[in-house]
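Residue-level structure breakdown
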Amino acid sequence: MSTSKADPTVPLRFVYTNQDFVTDVCRSSGNGPSPPAKFDADVQAGWTDRMARGLFRYNLGYLQTRILPGSRGYVAQLNIQRGAEKRKPQEILSIKQEFNAAQFNFNKINPEEIIFEMVNDTEGDTASPGSGRRQQPSRMVVLVNVSPLEFGHCLFVPDPSRCLPQVLTQFTIQAGIESVLLSSDTGFRVGFNSLGAFASVNHLHLHGYYMDHELKIESVRGKPLVPEKGFYRLLDFPVGFLFYTESEEVEEVARAICEVTDFLVDGNIAHNLFLTRGCSPFEHTQDKKNPGCSRKGVRICVWPRKSCFGAKEDSAFNVALCELAGHLPFKNKKDYELSTEKDVMDVIQKYVLPDGEIHSLEQQLTRLLMDF
């Protein structure tokens, strides 16, 4: 069982093993919400406590939400305060930009913003022989995002004292997948923006938050590329790639994802990742009694995209991890009320790679993972 106990360097430690992963999750069962997993209870209680203590830049109340008419089921939300009161983004000039201690980073936060430190206490029970799993454990500190876009919006920062730039590591990817598996809530999402893909802070971190509306990305089918490595092509808009894993293959899939993101960084290709509960990319593996209901595994969407450097544009929304997944936080009421599915697709289209570049990447990444 996972436990929380006091630690001299952070308020709490959330200790878990792979046995704490929740494997029987469905999008809707008709029986009402299931009791929250301990991970959800601790995150939500910690987040709510910090909100009550006034540690956020604004109080996040009820967010107006509407589903845009159309086949893609875009979930639009109005969050004016985030657009107006969020910390000014850092100037990003390169996907490989070095960490700069003089700029804002997560070593400069109020320590009371920290909810807990995640520790996987699994002692090799699912490790591959000779894999060296977690021989050099890294701290995963979970802290509130003081400019939240949704309920429970937190940041997952691996060992802040190492001052890592915003470039994914295998540990970070694996811990992100594990956090989704620790949650029993299908609305819990995790994501990553690379430099050049609207990352605001050049200090390695993931976003995690709850958004209780179904996204098409949870169930859209994928074209198998290297299925033994959990690797697929996303066929629906916006085009990109998809990894899928259940609890037994987390480490192997995290290694494969890291190979892909390292390849993108080496090629100076900006990218966004979105992790969510989802069903297998093959329809025939879904729950026969409840088609489309099963969310046993985690889908990791990877979108290579056009780079955006300098200051963020002052538009209705920035195309980053949640927008590509179909969750649209709008900054002003007019755009929120009037935007159509076509309007959203037209904006997103400006940032996705041309079909020819995606096809070339598909071939290169397929060869990379087949040889991996």
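Residues numbered from 1 in each chain as written. Predicted model: local features only at pLDDT ≥ 70, side-chain atom pairs only at ≥ 80, totals over all residues. Heavy atoms only, no water.

Another point: the overall build of the protein chain. Looking only at helices and strands, the protein chain has 8 helices and 15 strands in total. Taking all 372 residues of the protein chain together, 55% fall into the buried category. (Helix = DSSP H or I, 4+ residues; strand = E, 2+ residues; numbered from the N terminus. Buried < 20%, exposed > 50% of the residue type's maximum accessible area, 1.4 Å probe, protein only.)

A separate point is the packing of helix α3 (residues 170-182) against helix α4 (residues 250-266). It is at 8 Å that the axes of α3 and α4 come closest, and there the two elements cross at 135°. Considering the angle they form, α3 stands oblique to α4. The handedness of the crossing between α3 and α4 comes out as right-handed. Between α3, through Gln-170, Ile-173, Gln-174, Ile-177, Glu-178 and Leu-181, and α4, the contact on the second element is made entirely by Val-250, Glu-251, Ala-254, Arg-255, Ile-257, Cys-258 and Thr-261. A breakdown of the residues in the contact of α3 with α4 according to their chemical character gives 7 nonpolar, 3 polar and 3 charged. (Axes fitted to C-alpha atoms, helices over the stretch in contact; angles between N-to-C directions. Parallel < 35°, antiparallel > 145°, perpendicular 65-115°, else oblique. Left-handed = near helix turned anticlockwise from the far one by under 90°. Contact = heavy atoms within 4.5 Å. Nonpolar A, V, L, I, M, F, W, Y, C, P; charged D, E, K, R; others polar.)

Time to look at the packing of aromatic side chains. In total, this model carries 14 aromatic pairs according to the counting rule given. Measuring from ring centre to ring centre gives 5.2 Å for Trp-47 and Phe-56, while their planes differ by 65°; the resulting arrangement is edge-to-face. We classify Trp-47 as buried; its relative accessible area is 3%. With a centroid separation of 6.1 Å and an interplanar angle of 50°, the aromatic rings of Phe-151 and Tyr-210 are classed as tilted. Here Phe-151 is found in the loop between β6 (140-144) and β7 (154-158), whereas its partner Tyr-210 is found in strand β9 (residues 206-210), with 59 residues between them in sequence. (Phe/Tyr/Trp six-rings, centres within 6.5 Å; stacked < 30°, edge-to-face > 60°.)

Parts of the model with low pLDDT should not have their predicted coordinates read in detail. Overall, the prediction assigns the protein chain a mean pLDDT of 88, with 86% of residues at 70 or greater. Low pLDDT, under 50, characterises residues 124-136; the predicted model gives this stretch 19 contacts beyond four residues in sequence or across chains. (pLDDT = per-residue confidence, 0-100.)

Among the 6 residues of strand β8 (residues 188-193), 6 are classified as buried, and the element is accordingly described as predominantly covered. Examined bridge by bridge, β8 and β9 share 4 bridges and lie antiparallel to one another. Paired with Val-190 across the strands is Gly-208, a residue of β9. Sheet topology places β8 next to strand β13 (residues 270-278); 5 bridges connect them, and they run antiparallel. Residue Gly-191 lies in a different strand from β13, and its bridge partner there is Phe-274. (Pairing = 2+ DSSP bridges.)

To continue, consider the nonpolar core. Residues Phe-39, Met-118, Phe-156, Ile-177, Phe-243 and Ile-300 are the most contacted members of the largest nonpolar core, which totals 60 residues. It is α4 that provides the largest number of residues to this core, a total of 8 residues. Look past the residues within four positions of Phe-156 in its chain and what remains in contact with it is Phe-39, Met-118, Met-140, Val-141, Val-142, Ser-179, Phe-188, Leu-204, His-205, Leu-206, His-207 and Gly-208. Counting 34 residues, the second-largest nonpolar core is a separate cluster that includes Phe-198, Leu-242, Cys-301 and Val-352. (Core = buried A, V, L, I, M, F, W, Y, C linked by side-chain atoms within 4.5 Å.)

Interhelical geometry of α4 versus helix α8 (residues 355-371) gives an angle of 135° and a closest axis separation of 10 Å. The pairing of α4 with α8 is recorded here as oblique in orientation. Pair α4 / α8 crosses with right-handed handedness. Contacts between α4 and α8 involve Ala-256, Glu-259, Val-260, Phe-263 and Leu-264 from the first element and Leu-361, Gln-364, Leu-365, Leu-368 and Leu-369 from the second. For the contact of α4 with α8, the class distribution of residues is 8 nonpolar, 1 polar and 1 charged.

What follows deals with the sheet that holds strand β4 (residues 75-78). A sheet is described by the order of its strands in space; here 3 strands give the open sequence β3-β4-β15, paired in mixed fashion. Each edge of the open sheet carries a strand with a single partner, namely β3 (65-67) and β15 (327-330). Neighbour-to-neighbour, the strand axes of the sheet open up by a mean angle of 20°, direction not taken into account.

Here we come to the environment of Lys-88. Tracing the sequence through the fold places Lys-88 in the loop between α2 (80-85) and β5 (114-120). Taking relative accessible area as the criterion, Lys-88 reaches 75% and is therefore assigned exposed. Separated by 112 residues in the primary sequence, Lys-88 and Ser-200 place their C-alpha atoms 8.0 Å from one another.

A separate point is the environment of Ala-197. Within the element layout of this structure, Ala-197 appears in the loop between β8 and β9. Judged by relative accessible area, Ala-197 falls into the buried class, the value being 0%. A C-alpha to C-alpha distance of 5.9 Å links Ala-197 and His-271, two positions 74 residues apart in sequence. Discounting residues that sit within four places of it in the chain, Ala-197 has contacts with Ala-270, His-271, Asn-272, Arg-305 and Ala-320.

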